[in-house]
Amino acid sequence: MEIEWKIVDEHHQEVFVEQHVRGLLWITSAGFTFWHAYPNPAVDLSPAKNLGEAKRIVEALLRSAG
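Source: prediction; values computed, not measured. As a convention, each chain's residues are numbered from 1 in the sequence order in which they are written. Local features are withheld for residues below a pLDDT of 70 in this predicted model, meaning they are given only at 70 or higher, and side-chain atom pairs are given and counted only at 80 or more; totals for whole chains, interfaces and linings count all residues. Computation of side-chain values: all heavy atoms of the structure, hydrogens and water removed.

### A closer look at the pairing of strand β3 (residues 20–28)
Applied cut-off: When DSSP locates at least two bridges between a pair of strands, those strands are taken to pair. Segments assigned H or I by DSSP are reported as helices when at least four residues long, segments assigned E as strands when at least two residues long, and all are numbered from the N terminus.
Across 6 bridges, the pairing between strand β2 (residues 12–17) and β3 is antiparallel. Note that in β3 the partner of Phe 16 across the bridge is Val 21. Hairpin geometry of β2 and β3 is characterised by an intervening segment of 2 residues between the two adjacent antiparallel strands and by a positive phi of about 50 degrees at Glu 18. Inspection of the sheet shows β3 paired to strand β4 (residues 31–36) by 6 bridges, in the antiparallel sense. Across the sheet, Thr 28 pairs through a bridge with Gly 31, a residue of β4.

Okay, structure coming up:
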């Protein structure tokens, strides 16, 4: 499974799985939020302390939903 991230701007990054967009990661001062496309399950990013951790959580979930 190929997962790729694209920076939209300083507060948003899109994630693609096999070249299809699967969601948008929001980066705010309050933390991280992931807006996802069906059929991705909900993503709890509250444990993420930085952008790298948030991306790893999203990627692990996408791989498990695979």
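### Brief notes about the pairing of β2
Basically, it comes down to this: Per-residue accessibility, obtained with a 1.4 Å probe over protein chains only, is compared with the maximum for each type, and a residue is labelled buried under 20%, exposed over 50%, and partly exposed between these values.
Judged by how many residues are buried, β2 sits mostly within the fold: 5 of 6 residues are covered. Across 6 bridges, strand β1 (residues 3–9) lies against β2 in antiparallel orientation. Among the inter-strand pairings, Glu 4 is bridged to a residue of β2, identified as Phe 16. Here β1 folds back onto β2, and the loop between the two strands holds 2 residues.

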